[in-house]
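Observations on the three-dimensional arrangement
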Amino acid sequence: MAKKKTAPAKPATKSKTVDGAHVRMYRIGTGDCFVVKFLAGKTETFKMMIDCGAWQGSKEVFTEHVTDLKKYVGDGVDVLVVTHEHKDHVLGFELCEKLFTKDFKVGETWMSWAEEDGAPAVEKLKKEHGAKKKALAAAGGLMARAVNDPAFHRDQNERHMGGQLLKAQERFAASVSGFVDLHMDADLAAAGGEYIGPLKGMAVVKDQIAAKGIRHFKPGDIIDDMPGLKGVRIYVLGPPKSWESIKKEDSAEEGETYDHNKELAGSDAFAAAVNAFSGNGGAGGTLPFDRSFETDMTAAHPYENEADAWRRIDNDWLMSAGSLALRLNTGINNLSLALAIEFIESGRVMLFPGDAEYGSWATWHDIPWKTKGRGKNDDGSPKHLTEDLLNRTVFYKVAHHLSHNGTAKRKGLEMMTHDDLAAMATLDYSVISKDWKNTMPNQGIISDLLNQTKGRLMVMNTKDLFADAKKTRELAPEIEKARRRMSAAEKKEFEAAHDESDLWIDYRVKG
Amino acid sequence: MSVVPNTKRPASRKLRGYAFDPSLSLQLDTVTINEIVYKVPWEELEPGKVAGQGPGPAGEYVEVVDYDPTVKKLYAPVDLNERLTLAMDGLDPSEANPQFHQQMVYAVAMTTIRNFEAALGRKVIWAPRRLSGGGEEYVQRLRIYPHALREANAYYSPQKKALLFGYFQAMPADKTRHMPDALVFTCLSHDIIAHETTHAILDGMYPYYNEPTNPDVLAFHEAFADIVALFQHFTFPEVLKHQIAKTRGNLEGQNLLGQLAQEFGSAMGCYGSLRDAIGHIDPKTKQWRPTEPDPGDYESTMEPHARGSILVAAVFEAFLSMYKHEVADLLRIASDGSGNLQAGELLPDLVHRLAAEASRCSQRVLNMCIRALDYCPPVDLTFGDFLRGIITADIDLKGEAQHEFRLAFIDAFRRRGIYPKGIKVLSVDSIAHTRSPEIGPQIGQLIGIIAEFLRDFRSEVSYCMDRQQMFDISRCFSGGRSKLNGKSILGLHARMLAKFDGSYDFQRLTRLAWADWGNVGVADSRDEYGPRFAVQNLRLVSRAAPNGDQVNNIVFSIVQRAGVKIKNGTIEPHVLKDGEADDDDSMIFRGGCTFVFDLDTLDLKYVISKPLLGPQPESGRHAPQLDEDRVRAQYEYQFETGPNAMSEFRQYFDTGFARGLPEPFALLHQH
């Protein structure tokens, strides 16, 4: 990139009408870190940064990427968007705290309504999430302790099923701890999971980076007054304000998402029970029965019988930590700030949904917009604006790393019918939780995306990714194959707009 | 006067309990029917070796251990032999008394076991504990933990031979039915207890029915458990009487039963979802309407619960047809032949009769479904196989009687697109397995010898009342060389190896590998020269037919496994070494065969095969080939369709689809 472009935008340039954008995805590991430069012709009018995180990462790797990012944007960005509080979106702020707080100016910081500390609804939500995070960490700790306990090993392993059950439980415990990692800082999780506040990365943003204050957005908000974004309108789609939608991962109806699970119920009760069990307090400690029914366990009780030790159930109840983890994960994903960025004149749209899952997507279609869509329904009436925005989407940041529930099907991808659609996905198998590999990438989404983008699908790292469940068709050649469906002109245009290095992938969006 | 001691034992122990679950006791219209008296077969109960320190109750089949690991509390066991408790038909139903919870799980589990024993004509034996190194250990009692989990879940653990029930704070959708934040106990729901007990019984019969080799297997486990819970419910006439009377002459009785079936399930959340396929309330008329079956559903629905609900709906429709058929005359009599009943309340006599018919039909459906299990292949079950099992079992027991009931089943399955594979015409005769299949004279003679041997088994086992002895005898008779009570026994496994090793004829009959087995990925026998296979579940079945005849069968299954790799679309058999797990690119492929022998005629009545091998030529010695269609179907399912239909929970927490499930049923109930 030429040095000249990184010069700070002068007030004069801010009044030019934007007609395009340069989207850069940093290849930082499974997780999001984007820079969007808005352009008027060749002049850079506005710089937006969205998230900086990965599921895991060393300071070295992050430093290399963030240093490049700073060079790319110059002195800072006009807006920093932090979509939601998961490590794969905020870890970079923790690891590169100094880089972001020194010689880096951030104009505004944008977050969702759910990050407005002090607001009663938000405090309630944080308290609930905090209790769940605590419970999840506690359950993870208890399971880890159990599978490492020699007595448990003896009971489950010796003579019993050749240790199959033990192995399965070890795997399970590892999976749970993966989810703990996503939600909690490592030192806290290791210390027994006393949840005391937001992830460090989030705290760094709120307390230090967002010096000029944080703007919070709710669905239905429209941002069209930013200097430097003349000709651009930003629509806020999510997160929904209704709690039920946040908890909802999937729709019960088939064809709504790329999977059809039911909501995971009952894990709230489990969270309360675990917290009580591990002395974290809360209401779950109320005993179910009057104390007069209790009796003391003695060595003579059959439960204590050594020959029957294989039938003990001290740890089985902790398996519920699995559904708790998924619910919590979904709950926070659905709190993602989801933005549709429209180039007003052409109507072309860039969609940045964070990690929103179905529960969020579904609500976008109920937002009471004051304006109607440009397109028409079959009966001639104007479309709901959300559907219309999806119809006009030419760039889609794939939600939740190509997972099965990250993209709504009927109310999402199927509506992205624009001929110029391109997509970027932040999936990288070299940096990912082992268990995520089972849900990411989802083959249904891959095949629909390949189809609808004609191969304009840019994945952070295609290594070890396959386009089919049987793992016979590698993804990279499949993408190449899909690209043959572009016309010669489209192909030429795509190649000109697309560039990549070891650190990033760039795509220029025509406004 | 001296007191003459009473030496007669009662036939049953009466125990009060909820007919549904506690929530219905809070509704005025159902409170009167929610408490029923379970009549559990009388048995001696262990009150506990040390006072208050035993399990409670613990009998021959189950032991209730009321330890709650989530609060580290042990609750004193209920003593059902206590004088006053006996006189009161057990403790009062109460959510607040854990001892009543113990009584409730005991009563319902035993009722379910009794239903199975009555239908199967033999004792229920739990799946043995599998030991490292291939051994098996008898498990006398299923352990029941009424308070083990802290969520809306309950499951059967095949690893621990235990039922684990959860409790949780209610977050009800319907606040009129459950008080918010009130504790809800899954161990107080008849349906949940019956459902989980059925999982345990089924696991004792067919351990491979929780191996997901096709989309029907897990769905079947769920659906079957639900069918048992549902129809067990309908066998309580007092429950039906009240509801039939309540509808005051509006005798869309069939609809009422459907609605009831759904309500039973809905009280406890997710357990009702299997029954959603039965019908729904019409938003306009507010009337319950059965769902019109869509044959496309069976083709496209892969998630185990949704798929299971298709089977539940099919069986339910068969039940309704039977009931309609049985009460048609009653309705004509009660309406002077017009079929239109007068307005106003129904005569109590009519209510009584209708309820009795519904209850009888339920028992019949329950029996037909349970008996069918003896006529199913031991692996890779499909709904179609189950239908064939139902029809074959019924013909085997009842001959030509009550032909119309079989038609009701076939029709209900047909309407949902469930057709058995390889059937040319859809009729009772063709769906039933061929009776006395053609077997050449040579094989016939060998089978005769096997049958003689099975008679010895019968004489050993038929007067044995002790379940552990039964287990031991069956094991000796199904295994290799062993000693039983000082007698040397050469078991079925050894005999079959000796007789059929290398037999192309037997290979043709069973479509399992008996010759050139190494070529199809089947390992050598551990003990002697020959192919490896396992004999499963040797059992004596005695049932009384309605006409008074006694049907005496001996049933056993054999299972064989092959290792298969699929490379670039071609099937490569691959003999798995001992201890070699199926790795990422190989698959375990099983075939199996259930044999039904008539002990009185020594006739081999049925051979119900799930072929390991493809179609064999009529005669001669041909190198075997694996059943390519089945291999491909399983591969497709385990690597494509199945994983896609898995719940998110399993996608995250299992490393593979077909292997290493820690607790298969725990996960299934995680919606």
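All values derive from a computational prediction rather than experimental measurement.

1. As for the overall build of chain A
When helices and strands are tallied, chain A shows 16 helices and 16 strands. Looking at chain A as a whole, 55% of its 511 residues qualify as buried.

2. Re the overall build of chain B
Per the secondary structure count, chain B includes 20 helices and 20 strands. Taking all 671 residues of chain B together, the buried fraction comes to 53%. For chain B, long-range pairs separated by at least 24 residues make up 63% of all intrachain contacts whose partners lie at least 6 apart in sequence.

3. Regarding the domain arrangement of chain B
Frequently, the measure chosen for interface size is the accessible area that the parts lose on association. Residue and element names in this part refer to chain B. One can read the domain layout of chain B as domain 1 (12–188), domain 2 (231–431) and domain 3 (441–626). It is helix α3 (residues 98–120) that provides the largest number of residues to the side of domain 1 that touches domain 2, a total of six residues. Classifying every residue of the side of domain 1 that touches domain 2 by side-chain character gives nine nonpolar, six polar and one charged.

4. Digging into the sheet that holds strand β5 (residues 73–75) of chain B
Read from one edge of the open sheet, three strands run β9(A)-β5(B)-β4(B), paired in antiparallel fashion. A single partner strand is all that each edge strand has here, and the edge strands are β9 (294–295) of chain A together with β4 (67–68) of chain B. Across two bridges, the pairing between β9 of chain A and β5 of chain B is antiparallel. Residue pairing for β5 of chain B: E294 of chain A is matched across the bridge by Y75 of chain B.

5. Regarding the packing of α3 of chain B against helix α4 (residues 190–205) of chain B
Residue and element names in this part refer to chain B. Contact geometry for α3 and α4: axes closest at 9 Å, N-to-C directions at 50 degrees. What the angle tells us is that α3 and α4 run oblique. As α3 packs across α4, the resulting crossing turns out to be right-handed. Each of V105, V108, A109, T112, I113 and F116 in α3 lies in contact with α4, whose residues at this interface are H190, I193, A194, T197, T198 and I201. For the contact of α3 with α4, the class distribution of residues is eight nonpolar, four polar and no charged.

6. Focus on the packing of helix α5 (residues 215–234) of chain B against helix α10 (residues 348–372) of chain B
Residue and element names in this part refer to chain B. Relative to each other, α5 and α10 sit at 150 degrees, their axes nearing to 8 Å. With respect to α10, the axis of α5 lies roughly antiparallel. As α5 runs across α10, the sense of the crossing is left-handed. Judged by residue contacts, I227, V228, F231, Q232 and F234 of α5 engage A358, S359, S362, V365, L366 and C369 from α10. The residue inventory of the contact of α5 with α10, partitioned by class, reads eight nonpolar, three polar and no charged.

7. Some details on the sheet that holds strand β2 (residues 33–40) of chain A
Residues and elements named next belong to chain A. Taken in spatial order, the eight strands make up an open sheet running β6-β5-β4-β3-β2-β1-β16-β15, and their pairing is mixed. Because the sheet does not close on itself, it has two edges, and the strands there are β6 (214–217) and β15 (498–500). Averaged over all adjacent pairs, the angle separating strand axes in this sheet is 20 degrees, with direction ignored. In this structure, strand β1 (residues 20–26) lies alongside β2, joined through six bridges in antiparallel fashion. Counterpart to A21 in the pairing with β2 is F38. Contacts from helix α1 (residues 59–73) reach β1, β2, β3 (43–52) and β4 (76–81) within the one sheet, and its direction differs from that of β2 by about 10 degrees.

8. Overview of helix α14 (residues 443–453) of chain A
Spacing of three or four residues puts side chains on the same side of an α-helix, whose turn is 3.6 residues. All of the buried residues in α14 of chain A are I445, I446, L449, L450, Q452 and T453 of chain A. Looking one or two residues past α14 of chain A, K454 of chain A carries a phi angle of roughly 55 degrees, positive in sign.

9. Considering the environment of H400 of chain A
Residue and element names in this part refer to chain A. Tracing the sequence through the fold places H400 in the loop between β12 (393–397) and β13 (422–428). On the basis of neighbour count, H400 is assigned to the buried category, with 29 C-beta atoms found within 10 Å. Each C-alpha atom, one on H400 and one on T462, is 16 Å from the other, the two residues being 62 residues apart in sequence.

10. Here's the deal with the pairing of strand β10 (residues 162–169) of chain B
Residues and elements named next belong to chain B. Judged by how many residues are buried, β10 sits mostly within the fold: eight of eight residues are covered. Burial along β10 is two-sided: A162, L164, G166 and F168 facing one way and L163, F165, Y167 and Q169 facing the other are all buried. As paired elements, strand β8 (residues 142–149) and β10 share four bridges and run parallel to each other. Note on β10: the bridge partner recorded for Y145 is L164. Sheet topology note: the strand β9 (residues 154–157)/β10 ladder contains four bridges and is antiparallel. Pairing of Y155 across the sheet is with L164, part of β10. Following β9, the chain reverses through four residues before pairing antiparallel with β10; K161 in that reversal takes a positive phi of roughly 50 degrees. Pairing of β10 with strand β11 (residues 183–185), which is carried by three bridges, proceeds in the antiparallel orientation.

11. A word on α4 of chain B
The terminal C-alpha atoms of α4 of chain B, which comprises 16 residues, lie 23 Å apart, in line with the 22 Å expected from a rise of 1.5 Å per residue. Most of α4 of chain B is tucked away: 15 of the 16 residues are buried.

12. Considerations on unusual backbone geometry
Here the amide bond leading from G238 of chain A into P239 of chain A is cis, since omega sits at 5 degrees, within 30 degrees of zero. Examined against the element boundaries, P239 of chain A turns out to sit in the loop between β8 (232–238) and α9 (243–247). Positive phi, close to 55 degrees, is recorded for D336 of chain B, a residue that is not glycine. Checked against the element boundaries, D336 of chain B lands in the loop between α9 (304–334) and α10. For D336 of chain B, a count of 10 C-beta atoms within 10 Å translates into the label exposed.

13. Some points on the environment of F168 of chain B
Summarising the element assignment, F168 of chain B is placed in strand β10. For the pair F168 of chain B and F185 of chain B, spaced 17 residues apart in sequence, the C-alpha to C-alpha distance is 6.8 Å.

About the criteria used
- Residues numbered from 1 in each chain as written.
- Chains lettered and ligands numbered in written order.
- Predicted model: local features only at pLDDT ≥ 70, side-chain atom pairs only at ≥ 80, totals over all residues.
- Helix = DSSP H or I, 4+ residues; strand = E, 2+ residues; numbered from the N terminus.
- Buried ≥ 20, exposed ≤ 12 C-beta atoms within 10 Å, placed from the backbone.
- Contact = placed C-beta atoms within 7 Å.
- Domains from an automatic or database assignment.
- Nonpolar A, V, L, I, M, F, W, Y, C, P; charged D, E, K, R; others polar.
- Pairing = 2+ DSSP bridges.
- Axes fitted to C-alpha atoms, helices over the stretch in contact; angles between N-to-C directions.
- Parallel < 35°, antiparallel > 145°, perpendicular 65-115°, else oblique.
- Left-handed = near helix turned anticlockwise from the far one by under 90°.
- Expected span 1.5 Å × (residues − 1).

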